Amino acid sequence: MSHAVLIHHTINFVKQQLEGAEGGHDWFHIQRVYNNALNIAKGENCNLLVVQLGALLHDVADSKFHNGDETVGPRVATQFLQSHDVDTETIAHVVAIIENISFKGGNFEKKFSSIELDIVQDADRLDALGAIGLARTFNYGGFKNRPLYDPAIPPALGMDKEQYKASVSPTINHFYEKLLLLKDRMNTETGRTIAEGRHKYMEAFLAQFYAEWEGEL
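Model, not experiment: these values are computed from the prediction. Position numbers for residues count from 1 along each chain, tracking the sequence in the order it is written. Only residues with pLDDT of at least 70 get local features here, since the model is predicted, and only at 80 or more are side-chain atom pairs given and counted; chain-wide, interface and lining totals rely on the full set of residues. Side-chain numbers here rest on the full set of heavy atoms in the structure, without hydrogens or water.

## Observations concerning the packing of aromatic side chains
Think of a pair of aromatic rings as described by two things: how far the centres are apart, and how the planes are tilted against each other in angle.
Right, so step 1: Whether two aromatic rings pair depends on their centres lying within 6.5 Å, for rings of Phe, Tyr and Trp, where Trp uses its six-membered ring; planes under 30 degrees apart make the pair stacked, over 60 edge-to-face, and the rest tilted. Overall, the coordinates contain 11 aromatic pairs when judged by the stated rule.
Right, so step 2: When the ring of Tyr149 is compared with that of Phe209, the centres are 5.8 Å apart and the planes differ by 80 degrees; the resulting orientation is edge-to-face. One end of the pair, Tyr149, is in the loop between helix H7 (130-143) and helix H8 (161-166); the other, Phe209, is in helix H10 (residues 189-213), with 60 residues separating them in the sequence. With respect to burial, Tyr149 and Phe209 carry one shared label: buried.
Right, so step 3: Measuring from ring centre to ring centre gives 6.0 Å for Phe175 and Phe205, while their planes differ by 25 degrees; the resulting arrangement is stacked. Taken together, the positions of Phe175 in helix H9 (residues 171-177) and Phe205 in helix H10 put the pair 30 residues apart, joining distant regions of the chain. Each helix corresponds to a stretch of at least 4 residues labelled H or I by DSSP, and each strand to a stretch of at least 2 residues labelled E; elements are numbered beginning at the N terminus. Any residue under 20% of the maximum accessible area for its type is buried, any over 50% is exposed, and the rest in between are partly exposed; the area is computed with a 1.4 Å probe on protein chains only.

As C-alpha cells, then:
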C-alpha cells in the first residue's frame, strides 16, 4: 500500500472514530494539528509518514473521553495500523507519540524522544493557543459545565499528572495551568515562532476579560 493510500484510509478512519466528538477534540482538531505538523515538518529532517500518522492518530481515543484510560488510544491506533500492514517499527513510533504527546500538567516526563514527536507535539500545542485555543477551551469548559471564572478559586500551578487530570477548576484558570505555559515549551523553531503570536493574542484577551469582568470597559 502506498503512503498516500494509507493516509487516505487513516483520515477516513479517524473521521469515523471521532464522529459526534466534543467540538474541541473532533475531526477538525485533528485536521488542524495535521496541517500544523506538515508546516513544521518542512523545516525539519524527519520521517514524514510517522509525522502524518502521529498527527492523525494522536487523539483517536483521548483518555479524557474514556474514563481516563490512557491505553485506549494506543490500542486503537495499533489495531488500525496492523490491519493495514504497517511495519512494526513505524507502529511503535506512532504509538510512542500518542503516549507522550499530552501536557498532563506540564510535569510529565516524556519516556520517549524523537523529532517526529517534537513536531506533532508542537502542532497539537499550537491548536491550544490563539483564537482556536480560546474557542476550544471555553467549548470544553461548557461541555464539562464549569464556571467561566471564579475570583475565589486561584489557578493551581505545579499540579502533578493525576491532579491535572482530576481538575474541575474554572475555565479561565486553565490559561494559567496550561495554555500560557506552552509558548516556552515548544520544541521547534517554527513552533516557537507561531506560538509567540498566539500567546500574545491570549494575553490581550485575558486583559480584556478582566476589564469587562470588573466593569471597566
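## A look at H10
Right, so step 1: One fewer than the residue count of a helix, multiplied by 1.5 Å, yields its expected span. With 25 residues, H10 extends 36 Å between its outermost C-alpha atoms, agreeing within 8% with the 36 Å of an ideal straight helix rising 1.5 Å per residue.
Right, so step 2: Burial in H10 covers these residues: Gly191, Ala195, His199, Met202, Leu206, Phe209 and Ala211.
Right, so step 3: Residue contacts are counted whenever heavy atoms from the two residues lie within 4.5 Å of one another. In the core, the buried residues of H10 are packed alongside helix H2 (27-41), helix H6 (115-126), H7 and H9.
Right, so step 4: Following H10 by one or two positions, Gly215 has its phi on the positive side, about 75 degrees.

## Section: the confidence of the model for the protein chain
Right, so step 1: Of all residues in the protein chain, 93% have pLDDT values of 70 or greater, and the mean over the chain is 90.
Right, so step 2: Each residue carries a pLDDT value, the predictor's own confidence for that position, ranging from 0 to 100. Per-element mean pLDDT across the protein chain ranges from 73 in H8 up to 98 in helix H3 (residues 48-57).

## A short note on the nonpolar core
Right, so step 1: For this analysis, a nonpolar core means a set of buried residues of the types Ala, Val, Leu, Ile, Met, Phe, Trp, Tyr and Cys, connected via side-chain atoms within 4.5 Å. Judged by nonpolar contacts, the single largest core of 54 residues is most densely connected at Phe13, Val14, Leu53, Leu57, Leu81, Val94 and Phe175.
Right, so step 2: For this core, the secondary-structure elements that each account for two or more residues are helix H1 (3-17), H2, H3, helix H4 (72-83), helix H5 (88-100), H6, H9 and H10.

## Side note on the pattern of salt bridges
Right, so step 1: The salt bridge definition used is simple: a Lys or Arg side-chain nitrogen within 4 Å of an Asp or Glu carboxyl oxygen. Scanning the model with the defined rule gives 4 salt bridges in all.
Right, so step 2: A cluster of three or more residues bridged by salt bridges with shared partners is formed by Arg32, Asp127 and Arg136.

## Looking at the side chain of Asp26
Right, so step 1: Its location among the elements puts Asp26 in the loop between H1 and H2.
Right, so step 2: This buried residue, Asp26, is left without a salt bridge; Arg32 holds the nearest opposite charge, at 5.0 Å.
Right, so step 3: Ignoring anything within four residues of it in the chain, the contact list for Asp26 reads Leu18 and Ala21. Think of it this way: Lys and Arg go in the positive column, Asp and Glu in the negative one, and His and the chain ends go nowhere.

## Notes on the packing of H4 against H5
Right, so step 1: Running from amino to carboxyl end, H4 crosses H5 at an angle of 160 degrees, the nearest separation of the two axes being 9 Å. Classified by the angle between their axes, H4 and H5 sit roughly antiparallel to one another. The interaxial crossing formed by H4 with H5 has right-handed handedness. From H4, Gly73, Pro74, Ala77, Thr78, Leu81 and Gln82 reach across to H5, where they touch Ile91, Val94, Val95, Ile98 and Glu99.
Right, so step 2: Of the residues that constitute the contact of H4 with H5, the class distribution is 7 nonpolar, 3 polar and 1 charged. Here, axes are lines fitted to C-alpha atoms. For helices the fit covers the stretch in contact, and angles between N-to-C directions go from 0 to 180 degrees. Angles below 35 degrees are treated as roughly parallel, those above 145 as roughly antiparallel, those between 65 and 115 as roughly perpendicular, and all remaining angles as oblique. A clockwise turn of the near helix away from the far one marks a right-handed crossing, whereas an anticlockwise turn of less than a right angle marks a left-handed crossing. Just so you know the grouping, Ala, Val, Leu, Ile, Met, Phe, Trp, Tyr, Cys and Pro go in nonpolar, Asp, Glu, Lys and Arg go in charged, and all remaining residues, Gly too, go in polar.

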